[in-house]
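# Working through the structure, step by step
The lines below spell out each chain.
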Amino acid sequence: MTSASPGRPSIDPRGPRFGAGITAVLFLVIVALALLGATWIAFGLSVYAAALFAWGALAGIQRHPYGLLFRTLVRPRLNPPVELEDPAPPSFAQGVGLVVTAVGLALFFVVGPIALVIAGAAAFVAAFLNSAFAFCLGCRIYLLLARAGVIRARGAAAA
Amino acid sequence: MTDPRPLTTFGRMDAGTTALVLAGLVLGATGLGILHRATQGRVRAASGCRVVSIDGVELGGRATLLQFSTEVCSPCRATARVLDDLAARTPDVAHIDLDVTHRPELAAEYRVLQTPTTLILDGDGAVRARIGGAVRRDLVVAELEKVLAA
């Protein structure tokens, strides 16, 4: 029995957690810069973070630049993964990150730099928990949306 | 570089205060993580009052490991492997993995707030225990033995 659904590529679960670690540090920097008054640098880094989230969500976590970094620099130094995982959950989590960051960027024009601080802090907590504790916030949100009937089952997965 | 809009909502913080805020964020997130880790896989006994009956689902003769999953859930797969294996080794014990994306009404009915959530049912389909998060094999085995012995 394989660890992923048939027909879906499998990834090393440590890859997305490595990427989430970089993302967590990035959001700490964003929060710090926004608090210190370096507003436009914080804004620029938030745009960068949003662009990477969009990349991960749309192209899939396998094609995320941090994943490439992980495969070329980190994974050769580690033992082979105990099990592989489906790329769908971390790709969905990237979408959640995109929404949080985009809301922060949009609210920045309404309420000012505090929006970058709050969105950055929320994104930091999610990325940190993912990286350090393998907690998947996106999975919880997905479940709540599915419960509310917002997310409908995909036909291909009905088997 | 000057900011185009004044910082009306809060003043510019000094480095010390900023460092405190960052430390608070890291500590707070670590606390949440430790809390999360402590609750994962913990077995909570249930009263046994609730009897599960789901259309199109055949329960095991002596016990059932009823798992709620979603497609976007990595620990669900690891949990499914453990429960599948246990069910295969134990006669008359079934493992059922339900995707709540397909049956959202079940997620509401059984108050599933995280996936995987696993219910351990006895031979009558009564809920004996509930496990939130990825299961720990030893804890499931111990609980299953209790249910089978009852």
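Report on the accompanying structure. Keep in mind that what you see is a predicted model, and the values were worked out from it rather than measured. (Residues numbered from 1 in each chain as written. Chains lettered and ligands numbered in written order. Predicted model: local features only at pLDDT ≥ 70, side-chain atom pairs only at ≥ 80, totals over all residues. Heavy atoms only, no water.)

### Here's the deal with empty space enclosed by the protein
Residue and element names in this part refer to chain A. For clarity, the cut-off: Only protein atoms enter the calculation, which uses a 1 Å grid: trapped sets of points that fit a 1.4 Å probe without letting it out are cavities, open sets showing protein on both sides within 12 Å along at least five of seven lines are pockets, and any residue with an atom within 4 Å of a point is a lining residue. Grid points are joined across faces, edges and corners, and a volume is the space filled by probe spheres set on the points. Segments assigned H or I by DSSP are reported as helices when at least four residues long, segments assigned E as strands when at least two residues long, and all are numbered from the N terminus. Each residue receives one of three labels: charged for Asp, Glu, Lys and Arg, nonpolar for Ala, Val, Leu, Ile, Met, Phe, Trp, Tyr, Cys and Pro, and polar for the others, Gly being one of them.
A full pass over the atoms with the stated rule returns two cavities of 30 Å³ or more. Volume-wise, the largest cavity comes out at about 50 Å³. For the largest cavity, the full set of lining residues is Thr23, Leu26, Ala49, Leu52, Phe53, His64, Tyr66 and Gln94. Residue assignment for the lining of the largest cavity shows that the elements contributing at least two residues are helix 1 (14-36) and helix 2 (39-59). No other element matches the three residues that helix 2 contributes to the lining of the largest cavity. Of the residues in the lining of the largest cavity, the class split is five nonpolar, three polar and no charged. Taken together, Phe27, Ser46, Thr101, Gly104, Leu105, Leu116, Ala119 and Gly120 make up the lining of the second largest cavity. Sorting the residues of the lining of the second largest cavity by element identifies helix 4 (88-111) and helix 5 (114-133) as the ones contributing at least two each.

### Quick notes on the pairing of strand 2 (residues 63-69) of chain B
All names here are of chain B. For clarity, the threshold we go by: To sort residues, take the accessible area from a 1.4 Å probe on protein chains only and compare it with the maximum for the residue type: under 20% means buried, over 50% means exposed, and anything in between is partly exposed. Look down the strands so they point away from you; if going from the first strand over the helix to the second traces a clockwise path, that crossover is right-handed. Strand pairing follows a simple DSSP-based rule, namely that at least 2 bridges must link the two strands.
With respect to burial, strand 2 is a largely interior element, seven of its seven residues being buried. Viewed along the sheet, the connection from strand 2 through helix 2 (residues 74-89) into strand 3 (residues 93-99) turns out right-handed. Pairing analysis gives six bridges linking strand 2 to strand 4 (residues 117-122), with the strands arranged antiparallel. Bridge pairing in strand 4 places threonine 64 opposite leucine 121.

### Section: the packing of helix 2 of chain A against helix 4 of chain A
All names here are of chain A. How we decide: Only C-alpha atoms enter the line fits that serve as axes; for helices the fit covers just the stretch in contact. Angles between N-to-C directions range over 0 to 180 degrees. Just so you know how the angles are binned, under 35 degrees is roughly parallel, over 145 roughly antiparallel, 65 to 115 roughly perpendicular, and the rest oblique. Here is the rule for handedness: rotate from the far helix to the near one, and if that takes an anticlockwise turn smaller than a right angle the crossing is left-handed, while a clockwise turn gives right-handed. The contact rule is simple, with two residues in contact once any of their heavy atoms fall within 4.5 Å.
Two numbers describe how helix 2 lies on helix 4: the axes approach to 8 Å, and their chain directions differ by 150°. The orientation of helix 2 relative to helix 4 falls into the category roughly antiparallel. Every pair of crossing elements has a handedness; the one defined by helix 2 and helix 4 is left-handed. Between helix 2, through Thr39, Trp40, Phe43, Ser46, Val47, Ala49, Ala50, Leu52, Phe53, Ala54, Gly56 and Ala57, and helix 4, the contact on the second element is made entirely by Ser91, Gln94, Gly95, Gly97, Leu98, Thr101, Leu105, Phe108 and Phe109. Across the contact of helix 2 with helix 4, the residue classes tally to 13 nonpolar, eight polar and no charged.

### Remarks on the sheet that holds strand 4 of chain B
Residues and elements named next belong to chain B. Spatial ordering of the open sheet is given by 1-5-4-2-3, a layout of five strands whose pairing is mixed. Edge strands, defined here as strands with exactly one partner in the open sheet, are strand 1 (43-45) and strand 3. The average angle at which neighbouring strand axes cross in this sheet is 20°, direction not considered. Strands in contact with helix 4 (residues 137-149) are strand 1, strand 2, strand 3, strand 4 and strand 5 (127-132); relative to strand 4, the strand with the most contacts, it is inclined by about 25°.

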